[in-house]
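Observations on the model geometry
Letter by letter, the chains look like this.
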Amino acid sequence: MEETLAIFIASTLRLAMPLMLAASGELVSERAGVLNLSLEGMMLTAAFFGALGSWATGNPYLGVACAVGAALCVAAVQAWLSVNLRANQLVVGIGFNILALGATTLLYRIIFGGLSREEIPGLPKLAVPGLIDLPFAGTAFFQQSVIVYFGFALILLIWWTLNQTSFGLAVRAVGDEPRSADKAGIPVARTRWLAVLITGAMAGMAGAFISIADIHTFTENMTNGAGYLALAAVIFGGWNVGRTIAACLLFGAATALQFQLPAMGINVPTAFLLMLPYLLALLAVAGVVGRLDPPTALTLPFQRGK
Amino acid sequence: MTALALQMPDRRRLLAMSIPFLAVVGSMVIGLLLIAASGKSVPDSIEAFLDGAFGTAFAFGASINRAVSLSLIGLGFILAARANLTNVGGEGQIAVGGIAATALALWPPIAGLPLGLAVILPLLAGTLAGAFWGGIAGVMKVRFGTNEVISTLLLGFVALLMVYWCVQSTALLRQPQTSSSTLPESLPIPDSTKLAGLTDDPESPLHIGLILCLVLALATAIVLQRSTFGLRLRAIGLNELAARRAGMPGSILLVVALGIAGAFGGLTGAIMLQGEQFYLKAGFSSGYGFDGLVVGLLSRGSTLGVLAGALFFGFLRSGGISMEIMAGVPSALTLVIQGLIVIAVAGSVILVEKLQGGQR
């Protein structure tokens, strides 16, 4: 029983990790008023270029850098389109997701050839001395790849930035009241740009986690909707860092259950467990879990004097 | 948008209209450059592409069938878009339509019905299921103020997993499990529930869905341009508050608009099942919903634009698949082209508005 629980906690964390990284990044951008449907595409791009970088250089850390760099490039174009060109953020996002799926599949076939699943240098797992011996959660929490510890630090940093710094205040201002923010001298465009870039960096970490830290290879469409799940987590979490992280863990647990329940002899349809995160998010957007308060200017481009 | 377009001077209007065209051409050029960069022969690839898109009766029919599906999704999209609603849930609406059509087609009493009812009832079931699925998003919008982009997207994922569920469980639609190697699929639907072919050529998969699609396209054009309903959709889309003040039943219109968009999706699912695939399996909607959405977006609200875009993407996908088989160019290339087109068109909206704005 204890072992089962430990495995469950470990796989929940493993499945929730990319969601937490991507969702906390996306949160910043949405608080600033920009919705990145392209999150999925950013993660997939990052997963591919992370794997490519790690494979080409033989150094997984350089792979992570490649992943973040690639996701930042996508984020920069997304920011330019949605902030400067005031394009429809949803349409641009869908376009990026199609493009990312096509481009990564194409490049993978060209570079790695056919369907070979080349193993890439992955990140080592680091055990935290002392804590690893804790019962239940010891091995689950404290024998993870570096990116997990680093990721948690980044998430804390995001929470702190959003809630405790003047930049965080600016982000929330341009997402709720861009006009007033503009009058108060806050650079709306620059703030939104930065927020989208933060999303890109975090999506890059999420993609790197999937290909370099978790699976140790790239497969076509390997994010498989994780980006959309992260978007759902932001909604379910009511645009609040703590609740979004909790939503990611919940979604991770629901996905982990599909492997655990059959092992425990409990028969719940896999499809239902896979569906659960989306159903929960639907209930959340319908206001069933309490009134949601999205940023007022979410998806609305800002243009001075209009 | 059309009203504005009429007031524009010809040159600007032409420029504004040519942007999707330029995006398509530019993206195709990038595609050709990518083929060249990957070291494959460009002429061979083009030949394989054309062969796969138009070459044989089978290729041509398959491309047209694909275009029919994309048109239907696109038509539903522009109808809802007229009311300023963005239906992102085509994929899920296809899925529920496919489930409902399969369930009814496999129900023993149906197959023996006379007068074409064996074909029509599953089609109708699919349409209604899709309408229900789209309607949920409509109700959520007017009741809870939920953005339909988010709700249709989430509903889409739920529907895709419902297909997965249906074909995994013998209690639902999975075929009886006779051995451990029984595939997670439904039984094939009876012949009497399949759509009739359009030609005598047994090679050609072309079916009467094409005629249905053309009729519906005409109907959509008439509804959008000549009916009170179309006018009301536009009024709601332009200024919801003003339309409500003018006494229009805003909430009902929004629900109906999303319901119709969903109905088009559900019908597409039923046609895909009864016309070509003949049994339900996980992922049977295979991206048609998102492709159809793109077609709807690029058409800028025009019915003819939807048909043209659907034909283009129908042939693009078929040609892409053949390019992969015959010239070794991954068919993912067509996704790259498609993504670039969407991004370019979305990014150029501000340019179009500037071109139009001069006359406002």
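Note that the coordinates shown come from a computational prediction; the quantities given were computed from them, not determined experimentally. (Residues numbered from 1 in each chain as written. Chains lettered and ligands numbered in written order. Predicted model: local features only at pLDDT ≥ 70, side-chain atom pairs only at ≥ 80, totals over all residues. Heavy atoms only, no water.)

Structural notes on the overall build of chain A
- Along its length, chain A carries 12 helices and 2 strands.
- Helices and strands appear in chain A in the N-to-C order α-α-α-α-β-α-β-α-α-α-α-α-α-α.
- Looking at chain A as a whole, 55% of its 306 residues are labelled buried.
- Sequence separation of at least 24 residues holds for 75% of the intrachain contacts in chain A that already meet a minimum separation of 6. (Helix = DSSP H or I, 4+ residues; strand = E, 2+ residues; numbered from the N terminus. Buried < 20%, exposed > 50% of the residue type's maximum accessible area, 1.4 Å probe, protein only. Contact = heavy atoms within 4.5 Å.)

Regarding the overall build of chain B
- Counting its secondary structure elements, chain B contains 16 helices and 0 strands.
- In terms of its C-alpha atoms, chain B occupies a principal-axis envelope of roughly 70 × 60 × 35 Å.
- Residues classed as buried in chain B amount to 52% of the 360 residues present.
- A separation threshold of at least 6 residues defines the contact pool for chain B, and within that pool the share at least 24 residues apart is 74%.

A few points about a nonpolar patch on the surface
- Taken together, the side chains of Phe-21, Leu-22, Val-25, Val-29 and Leu-33 of chain B present a nonpolar region at the surface, about 490 Å² in accessible area.
- Counting through the fold element by element, Leu-22 of chain B comes out in helix 2 (residues 10-37). (Patch = residues over 30% accessible without salt bridge, like charges linked within 9 Å, V, L, I, M, F, W, Y side chains within 5 Å. Areas by Shrake-Rupley, 256 points an atom, 1.4 Å probe, with all protein chains shown as cover. Salt bridge = Lys/Arg side-chain N within 4 Å of Asp/Glu carboxyl O.)

Concerning the interface of chain B and chain A
- Each side of the interface is counted separately: chain B has 35 residues, and chain A has 37 residues.
- The contact between chain B and chain A buries some 3,300 Å² in all, and 86% of this surface belongs to carbon and sulfur atoms.
- When the area that chain B buries against chain A is broken down by residue, the three leading residues are Leu-154, Trp-165 and Ile-343 of chain B, summing to 18%.
- Residues Glu-324 of chain B and Arg-109 of chain A are paired through a salt bridge, measuring 3.1 Å at the closest nitrogen-oxygen approach.
- The set of elements that each furnish at least two residues to the side of chain B that touches chain A consists of helix 7 (117-144), helix 8 (148-168), helix 13 (288-298) and helix 15 (332-347) of chain B. (Buried area = accessible area lost by both parts, 1.4 Å probe.)

Structural notes on the pattern of salt bridges
- Scanning the entire structure with this criterion turns up 5 salt bridges over all chains.
- The salt bridge partner of Glu-148 of chain B is Lys-141 of chain B, with a shortest N-O separation of 2.8 Å.
- In this structure Glu-148 of chain B comes out as buried when scored by relative accessible area, which is 4%.
- Overall, Lys-141 of chain B belongs to the partly exposed group, its relative accessible area being 24%.
- Overlapping salt bridges, with partners in common, bring together Arg-109 and Glu-220 of chain A together with Glu-324 of chain B in one network.

Digging into the confidence of the model for chain B
- Residue-level pLDDT values for chain B average 84, and 95% of them are 70 or greater.
- Counted against residues more than four places away or in other chains, residues 1-6 of chain B, with its pLDDT under 50, gives 5 contacts. (pLDDT = per-residue confidence, 0-100.)

Topic: unusual backbone geometry
- In the Ramachandran plot, Asn-221 of chain A falls in the positive-phi region, its phi being about 50° despite a non-glycine side chain.
- Relative to the elements of secondary structure, Asn-221 of chain A occurs in the loop between helix 9 (188-215) and helix 10 (226-236).
- Even without being a glycine, Phe-278 of chain B presents a positive backbone phi close to 70°.
- Secondary-structure assignment places Phe-278 of chain B in the loop between helix 12 (250-277) and helix 13.
- Note on Phe-278 of chain B: relative accessible area 25%, which makes it partly exposed.

Some remarks on the environment of Lys-183 of chain A
All names here are of chain A.
- Residue placement: Lys-183 occurs in helix 8 (residues 178-183).
- Classification of Lys-183 as exposed rests on a relative accessible area of 71%.
- Residues Lys-183 and Arg-109 lie 74 residues apart in sequence; the distance between their C-alpha atoms is 51 Å.

Observations regarding the nonpolar core
- In this structure, Ile-147 of chain A together with Leu-280 of chain B are the most contacted members of the largest nonpolar core, which totals 188 residues.
- The residues contacting Ile-147 of chain A, other than those within four sequence positions of it, are Val-64, Leu-123, Met-205, Ala-208, Phe-209 and Ala-213 of chain A. (Core = buried A, V, L, I, M, F, W, Y, C linked by side-chain atoms within 4.5 Å.)

Focus on helix 13 of chain B
- Counted residue by residue, helix 13 of chain B has 9 buried out of 11 residues, so it is predominantly covered.
- Once helix 13 of chain B ends, the next one or two residues include Arg-300 of chain B, with phi positive near 50°.

Thoughts on the packing of aromatic side chains
Residue and element names in this part refer to chain A.
- Using the criterion set out here, one finds 11 aromatic pairs over all chains in the structure.
- Between Phe-48 and Phe-218 the ring centres are 5.1 Å apart and the planes differ by 80°, which places this aromatic pair in the edge-to-face class. Of this pair, Phe-48 sits in helix 2 (residues 39-57) while Phe-218 sits in the loop between helix 9 and helix 10; the two residues are 170 residues apart in sequence, bridging distant segments of the chain.
- The exposure class assigned to Phe-48 is buried, which follows from its relative accessible area of 0%. (Phe/Tyr/Trp six-rings, centres within 6.5 Å; stacked < 30°, edge-to-face > 60°.)

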